[in-house]
Structure formats: structure tokens, C-alpha cells
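# Close look at the chain arrangement
Now for the letters of each chain:
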Amino acid sequence: ADPRGSKYSPLDQINASNFSKLEIAWTFKTDNLGARPEAKLQGAPVAVKGILYTTAGQAGKAVVCLDGRTGELRWVHRYDEGERASRWSPRQYSGRGVAYWTDGKGDDRVIYLTTGYQMISLNAKTGQPIASFGKNGVVDLKVGVVIGKDKQIDLEKGEIGEHATPTVVGDVILVGSSMFEGLGYNFSTNAKGLARAFDARTGKQLWKFNTIPSPGQFGNDSWENGSWEWTGNTGVWAPITADPVAGLAYLPVETPTIDEYGGNRPGNNLFAESLVAVDLKTGVRKWHFQLVHHPLWDHDISAAPLLIDATIDGRARKLVAQPTKQGWLYTFDRITGEPIWPIVERAVPQSDVPGEKTSPTQPFVTKPPPYSRTYVSTDDLIDFTPALRAQAIENLKPYRWEQTPFVPPVYTGPGGKWVGAVNIANASGGINWAGASFDPETAIYYGQAGNSAVTFAQFSKEEIDLIGVENQSKPGNRIPWWESPYGRAGRPGAAGRGGRGGDPAAPGGGRGPGAAPAPAAGAGQAAAGAPPAGGAPAGGGRGGAGGRGAGRGAGAPGGGAGAPGGAGAPGGQFAGGGGGGRGPTANLQGLSIVKPPYGVLTAIDLNKGDIVFKVPYGDTPDAVRATLERLGISYPEKTGQGGHTGLMVTKTMVVGGDLQRTSPPGRAPGAMLRAYDKKTGKELGAVMMPNQVSGSPMTYMGSDGRQYITIAVSGGGGVSLTGTYVTYALPASEIRPAGAGAQQ
């Protein structure tokens with residue numbers, strides 16, 4: 001994998017002229033590689049000399065080695081961690097792949113992170129652990145993770161894990177950290193996030209960067225009232241990227257506890273939601289930029305930073321461009337941290353939630369223009385007819401709806417003014433874990449982004465009584481959830497706030513150990529329901545057992561269990577979020593409260609900071625098309641699909657998969673793998689996938705001289721197919737012979 005984050009390949013045997021002629025070369029089902037079949041396969045294999053290495057299997061992942069020509073299983077490795085993985089791990093799925101290291105002399109290794117947060121180094125040829133790495137091939141990553149001032153977390157129950165692949169740069173392995181997906185946490189205390197570097201040969205830790213600074217470390221004073229001590233999270237769960245020439249690694253840091261409530265952590269809270277550049281050899285901070293002060297919106301930093309070389313105003317510049325859920329591409333000089341174009345502090349709305357202390361200003365990106373919606377303007381509302389637009393405006397009158405980003409959650413207890421705060425481009429908006437891509441030859445960025453996940457955040461008196469400062473600061477209450485007799489709920493009868501479509505058998509995930517009882521429908525973070533217009537971010541959304549995290553995809557049309565706003569509507573795991581026709585979507589005929597496009601593909605020229613194109617991504621969802629036909633509304637353009645997925649860029653095109661199965665006139669029902677023109681965004685070709693996308697595409701040259709494309713798909717849309725790797729190639733008649741320009 002490219003440590004710069006490009007997802008680029010120069011291969012061009014498969015190109016615009018023949019993409020639609022691709023055929024399935026082989027498939028690899030993963031059902032028997034974990035404790036249960038996986039409905040959220042997200043891996044992107046690593047290819048080395050025509051051999052693939054990747055992860056598979058839920059609640060106890062396996063690493064597999066596959067023949068790139070046939071999909072034949074060469075070896076499989078699985079490390080049994082018992083309940084540390086199957087019960088207590090916050091990340092139950094098989095993750096997003098593996099890393100590869102070689103000394104160039106025959107010592108070739110595959111490195112992966114287990115479900116229970118251990119790092120294992122395997123012989124790439126045999127799949128056997130490298131005995132000289134760590135302890136018999138294993139480094140326990142929970143060792144050194146702390147809670148509170150400096151208490152080591154419980155090695156079995158302690159909450160920490162990671163889905164992203166490790167990043168290998170030379171002889172250094174970079175590893176991040178993550179906690180339970182979503183808003184299902186009622187405690188101000190949790191394990192503290194961190195990033196670390198390890199020696200690729202021995203597994204020895206080289207350095208550690210604390211994302212919550214301890215006393216004496218830079219940034220500690222941004223945690224007022226000593227709140228650094230009990231606060232947790234601030235993991236680095238998106239991929240880390242690195243510039244080996246500059247000797248810098250770039251850490252995208254997430255939100256602290258409790259995601260949407262900061263009363264227990266007054267201050268700006270460095271390095272939460274900050275991009276931090278550290279010395280690759282020592283981990284010493286070189287510069288940072290906090291994208292969101294005192295985070296309250298679950299923006300995280302959800303995607304890999306992109307290391308792009310561009311020419312701006314005639315001057316060669318080394319950039320780091322940070323895609324976000326916010327719809328902004330934050331762009332900096334990656335050596336100095338100086339913004340390439342102005343990022344200005346502007347006043348933002350302030351909170352009415354008891355105990356909350358919001359930042360008076362937030363950073364606003366002035367250039368490039370947003371690649372997806374940053375807030376819900378009046379012009380963004382549904383406009384198929386004037387009556388629907390008027391109805392949407394009427395529906396929003398009880399809400400705190402302002403023409404700006406960063407509207408804080410509202411208080412709905414006694415004296416409260418509103419029923420919810422309207423935002424977009426936060427929890428499930430913009431670009432999520434699958435990240436974006438770029439062409440290193442042109443410095444053009446390509447990203448697929450959700451454009452319709454409206455949220456309506458609020459806190460009831462009962463919630464503030466539980467998570468507020470008065471209760472949390474009582475003796476014995478600054479504890480993590482695994483020490484509470486009530487699990488994530490925090491007290492008898494309290495509702496957890498849902499997850500991101502997380503494993504329902506995971507602790508607090510809905511039905512497993514530690515799960516909170518589900519509240520009545522509509523509790524907490526309510527959704528603006530609509531028919532399926534788009535999937536969750538490929539392989540996940542903000543659904544959950546209930547509470548404020550339930551219904552996270554308000555206005556992101558659709559409704560699948562585990563998707564944003566998911567309530568188990570027909571259409572399967574990734575169908576998209578819907579919550580009925582009440583509240584914000586009352587009398588909107590089941591349509592989204594925002595107008596199309598629901599998802600977009602955007603290209604940005606970073607030599608200029610200008611958008612090259614922005615086009616709808618994906619076909620119009622069936623339910624939307626049927627509703628428009630019923631209403632007699634003509635809408636010939638594609639609406640696109642909500643949610644987010646990863647892209648691959650080649651010399652000639654951009655490739656990505658559909659987030660949802662559709663049945664437009666003129667073709668069979670299904671989800672398509674599509675190629676787009678790099679200059680215009682026009683679709684160049686498409687082939688059917690067995691199911692909708694759940695991972696990111698990758699390409700490689702096989703030992704037989706054929707170029708292949710592999711992508712992970714998973715069940716949904718009424719299809720029972722669980723996690724499967726699908727690989728495409730051209731028929732033999734379409735492959736150019738050697739000497740005629742074929743890639744070798």
C-alpha cells in the first residue's frame with residue numbers, strides 16, 4: 001500500500017475502452033473464517049508479485065494468502081484470543097486488510113492487527129508467526145494503554161482495538177487505536193487513544209504519542225479542570241500516512257468521550273480532531289492543526305491524510321490534504337503545517353445544554369470549495385415541487401436550524417427551545433473510513449462523499465442527569481463501562497446511544513454482553529426518515545440499539561439495520577437510514593429532506609484549489625424512483641446514493657462500486673462496479689457485482705500478465721450473500737500481447 005494514501009495504480013491494461021468487458025475471474029467467500037459469517041467485509045488486499053494477502057472472518061479474524069490468478073487459498077492464519085476478541089473487543093469485524101514488510105533479501109512478512117488488539121508478524125510464504133518478533137510473533141498492543149492518570153487497562157476487557165491496517169514505512173510499523181463505534185457510550189472515562197511506532201524486525205516499541213497530553217506535555221492546558229485525567233478515546237482510527245523523505249508521519253485524531261457532550265471536558269481538548277505531524281523516528285510533535293475545537297459533532301478525523309506534491313503559483317509544494325466528514329478538504333504544507341489557502345476562525349452558534357461550554361469560534365476552510373454539503377441551507381432542501389420545499393421548511397421550524405455548520409446539540413428538558421439541532425456532514429456525512437484518492441502525476445484529488453446524512457442532535461433531561469458533570473463527578477463514577485454492572489448503559493434502565501451499525505453481538509452493540517436495553521423508537525438522535533436512497537458508509541452507518549445514536553442518517557434516505565438512521569427497514573444491512581414519516585420528514589412522501597444529489601463524486605485540482613467536477617454517485621435508488629413516478633415528477637438525472645465508499649485511481653480512470661442495489665429500466669437488478677472519466681466524471685463503463693460494495697477496490701498484475709481488480713462486497717438489499725472478495729479480469733481475447741503495450 002502507498003504510505004502517501006494515493007490508492008493509485010499506473011496499470012492500464014484495463015481502461016476506458018474495455019472496462020465494460022470485465023468478467024468475474026474468481027470469488028472468495030469468507031463465511032467460515034470467523035465465528036460467524038461477515039456482513040461487513042471491508043478488506044482491500046495487498047498484492048505482492050501476483051499473490052494477495054488480506055483479512056476475513058467476524059469475531060476472530062483470519063489472514064489469508066490467495067493466488068491472484070485463481071483465488072486458491074495458499075494458507076490461512078488465525079489467532080485464537082477467546083473472549084478478549086469475541087466478547088470484549090470494540091471492533092468485531094475483520095478489519096481493512098494487512099501490511100507487508102520485506103528486507104529485500106527474502107525475509108518477507110505480513111503484519112496484521114487481531115480483533116483483540118494484538119499485532120502479529122507472519123512469514124509471507126508460510127503464514128507462520130515470526131518467532132523473533134515480539135513474543136513468538138505477537139506484540140500485545142493493550143500493554144501500555146492507560147486509563148485515568150496512568151492505570152494500565154485490563155488486558156482482556158479494556159476497550160481498544162483497530163480496524164485500519166498498520167502503515168509500514170521502511171523498517172517502521174505505525175499503529176493507531178480505536179474504541180467502540182458510534183455514540184453508544186455514557187461514560188466520560190475510557191481508555192486513552194494513542195499512536196505508536198514499532199521496529200518491523202523485532203516488534204520493539206520505538207515511540208508513543210499520547211493524543212491526550214499528560215501534565216508537562218504540550219496541549220495539556222487545553223483540558224480545563226484537569227479533565228485530561230478521566231477523558232478517554234481520541235484514538236487514531238483512520239489510516240496513518242507518512243513521508244519517509246521528510247521523516248514525518250501524519251496522525252488523524254478522533255473525538256474524545258462523550259462524543260456529543262463535552263461538559264466533562266471543558267477546553268479545546270488537544271489533540272482531539274487534530275491532524276498531528278510527528279517525527280517518524282521519535283514521535284515528537286512537529287506541528288498540528290485542530291480542525292474542530294472542543295468537538296461535539298462526532299466529526300472525528302475519519303480518513304487517511306493524503307500526501308500530494310503540487311505546483312501552486314509556479315512553486316513546487318508538498319501538501320497534506322485531509323478529507324473529512326465536514327465536506328472540507330483541509331490542505332496544508334506538510335512540512336510546516338501552514339495552510340495552503342486561508343483557514344479562518346469564525347463565530348459559531350453556542351450551546352444551551354446544561355454544563356456545556358462550546359468554543360466561540362471554529363476553523364472554516366475558504367479553499368478548495370466543499371466537495372459535499374457542509375450545512376443544510378434553505379437551497380439544499382427538497383425541491384421536487386414547491387409544496388415539498390414549503391413542507392420541509394415548515395417541518396424544520398421546531399428545530400435549531402441555522403445557515404452554518406457547527407450547530408451544537410440542544411437541550412430538550414425543562415426550558416428547552418428546540419427539539420433538535422440540524423446538521424449535516426458530521427456523524428455519517430462527507431468522507432468516512434474508506435478515504436479518498438489522488439493521482440500523483442496530476443495532483444488531482446478524487447473523493448466519493450455522502451451528501452444527505454442530516455442529523456438532529458438533542459439531549460433530554462434524563463440523559464444530562466446521567467452523563468452530565470454533576471453525576472459523572474460523583475465518587476466512583478469516573479469508571480469505564482466494563483467496570484459498571486450496567487454495561488454501556490451506565491445505570492438501570494438507561495439507554496445506550498447506538499452504534500455505527502456495529503456488531504449486534506458486541507458489548508453494548510444491541511444484543512451482546514453489556515448491551516443496554518433499547519429505548520422506544522425515536523429516542524435521542526432522531527432520523528429524518530426516507531426510502532432507501534443510499535447506503536451507509538461502505539460497511540457501516542450510525543444505526544444501533546437506540547438513543548441518540550439511533551437514526552443517525554436523518555435525511556440520508558434509506559433504512560437498513562445498522563445504516564445511518566437504520567431501523568431495520570427492508571433492504572438489508574447497508575440500505576441506508578430511515579425512520580418513518582414523522583418529525584422532519586412528515587408529509588414529504590417518504591423522500592429525503594434534502595434534494596439530490598444524495599452522494600457525489602468530486603475531483604479537485606490541488607494545483608489551483610478548484611473543483612474539476614462534481615457529479616452524482618450511483619443510480620437513483622428504487623424507492624426514490626418509484627415515489628417520483630407515483631407523484632408524477634420527472635427527474636431524468638441520477639440522484640446518486642447516500643453514504644461513502646472508497647475509490648481507486650488508475651492511469652486512465654477512477655473506479656468505485658455502488659453502495660446499493662438498484663433496478664433501473666434497461667438492466668438487471670444489482671449493484672455495479674463503475675469506471676469514471678478522470679477529467680469529467682462521466683461514466684465510462686460498468687459491470688455487475690454479486691452484491692453492493694463494502695470495501696475499496698484495488699488492482700494488481702497477475703503472474704499470468706493479466707490485470708485484475710478485486711473488491712469486497714457484502715449482503716444487503718435483500719441478497720443473502722455475505723462477505724465475499726470478487727475479482728475481475730478481461731477475457732483473453734481483450735488482453736494485448738506482450739510487445740503491444742501490455743503491462744508486465
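Look above for the structure.
First, a word on scope: everything that follows refers to the structure included in this document. (Residues numbered from 1 in each chain as written. Predicted model: local features only at pLDDT ≥ 70, side-chain atom pairs only at ≥ 80, totals over all residues. Heavy atoms only, no water.)

For the rest of this paragraph, the subject is the side chain of T211. Looking at where T211 falls in the secondary structure, it is placed in the loop between strand 16 (205-210) and strand 17 (241-243). Within polar-contact distance, the side chain of T211 engages the backbone oxygen of G193 at 2.9 Å. From its side chain, T211 meets the backbone oxygen of T234 in a polar contact 2.6 Å long. Apart from the residues lying within four places of it in its own chain, the contact partners of T211 are G193, L194, N233, T234, V236, V253, L270, F271 and A272. (Helix = DSSP H or I, 4+ residues; strand = E, 2+ residues; numbered from the N terminus. Polar contact = N/O pair within 3.5 Å; in protein donor to acceptor, adjacent residues only side chain to side chain. Contact = heavy atoms within 4.5 Å.)

A few words now on the environment of E394. Within the secondary structure layout, E394 lies in helix 2 (residues 386-395). For E394, a relative accessible area of 43% puts it in the partly exposed group. With 192 residues separating them along the chain, E394 and A586 place their C-alpha atoms 9.6 Å apart. (Buried < 20%, exposed > 50% of the residue type's maximum accessible area, 1.4 Å probe, protein only.)

It is worth spelling out the nonpolar core at this point. Judged by nonpolar contacts, the single largest core of 27 residues is most densely connected at M119, L141, I173 and V175. Elements supplying a minimum of two residues to this core: strand 7 (99-102), strand 8 (108-113), strand 14 (172-175) and strand 15 (194-199). When residues no more than four places from it in sequence are discounted, the contact partners of L141 are L113, Y117, Q118, M119, V175, R196 and F198. (Core = buried A, V, L, I, M, F, W, Y, C linked by side-chain atoms within 4.5 Å.)

In spatial order, the strands read 17-18-19-20; together these 4 strands make up an open sheet with antiparallel pairing. The open sheet terminates on both sides in strands that have one partner only, identified here as strand 17 and strand 20 (285-290). The sheet shows a mean angle of 15 degrees between the axes of neighbouring strands, direction not considered. Direction of pairing for strand 19 (residues 274-279) relative to strand 20: antiparallel, over a ladder of 5 bridges. Residue V276 lies in a different strand from strand 20, and its bridge partner there is H288. (Pairing = 2+ DSSP bridges. Axes fitted to C-alpha atoms, helices over the stretch in contact; angles between N-to-C directions.)

This part takes up the sheet that holds strand 5 (residues 62-67). In any sheet, the strands associate via hydrogen bonds between backbone groups, in a parallel or an antiparallel arrangement. Read from one edge of the open sheet, 4 strands run 3-4-5-6, paired in antiparallel fashion. Sheet topology places strand 3 (46-48) and strand 6 (73-78) at the edges, where each strand pairs with a single neighbour. The mean inter-strand angle of the sheet, taken between neighbouring strand axes irrespective of direction, is 20 degrees. Note that strand 3 and strand 4 (residues 51-56) share 3 bridges and pair antiparallel. The partner of V46 across the bridge, within strand 4, is Y53.

In this structure, the largest pocket occupies an estimated 1,100 Å³ of space. What lines the largest pocket is a set of 40 residues, among which A1, D2, K7, P45 and V46 lie closest to the centre. Every element with two or more residues in the lining of the largest pocket is listed here: strand 1 (8-9), strand 3, strand 7, strand 13 (167-169) and strand 37 (698-701). Grouping the constituent residues of the lining of the largest pocket by class yields 27 nonpolar, 10 polar and 3 charged. (1 Å grid on protein atoms, 1.4 Å probe; cavity = no way out; pocket = protein on both sides within 12 Å on 5 of 7 lines; lining within 4 Å. Points joined across faces, edges and corners; volume = space filled by probe spheres on them. Nonpolar A, V, L, I, M, F, W, Y, C, P; charged D, E, K, R; others polar.)

Tallied over the entire structure, the rule returns 33 salt bridges. R4 is the partner of D2 in a salt bridge, and the nearest nitrogen-oxygen pair spans 3.0 Å. Note on D2: relative accessible area 27%, which makes it partly exposed. Between D171 and R201 there is a salt bridge, with the nearest N and O atoms lying 2.8 Å from each other. Of this pair, D171 sits in the loop between strand 13 and strand 14 while R201 is found in the loop between strand 15 and strand 16, placing the two residues 30 residues apart along the sequence. For R201, a relative accessible area of 37% puts it in the partly exposed group. (Salt bridge = Lys/Arg side-chain N within 4 Å of Asp/Glu carboxyl O.)

Along the polypeptide, S178 turns up in the loop between strand 14 and strand 15. Among the residues examined, S178 registers a relative accessible area of 0% and is labelled buried. Non-local contacts of S178, meaning those with residues more than four positions away in its chain, are made with P90, R91, I160, G161, E162, H163 and W237.

Bringing the pairing of strand 34 (residues 653-657) into the picture now. Most of strand 34 sits inside the fold, with 5 of its 5 residues counted as buried. Here strand 34 shows a buried face lined by M653, V655 and G657 and a second buried face lined by V654 and G656. Where strand 33 (residues 648-650) and strand 34 come together, 2 bridges link them in antiparallel fashion. The residue of strand 34 that forms the bridge with M648 is V655. Here strand 33 folds back onto strand 34 in antiparallel fashion, the turn holding 2 residues. Note: strand 34 against strand 35 (residues 671-677), 5 bridges, orientation antiparallel. Its bridge partner lying in strand 35, G657 is registered against L673.

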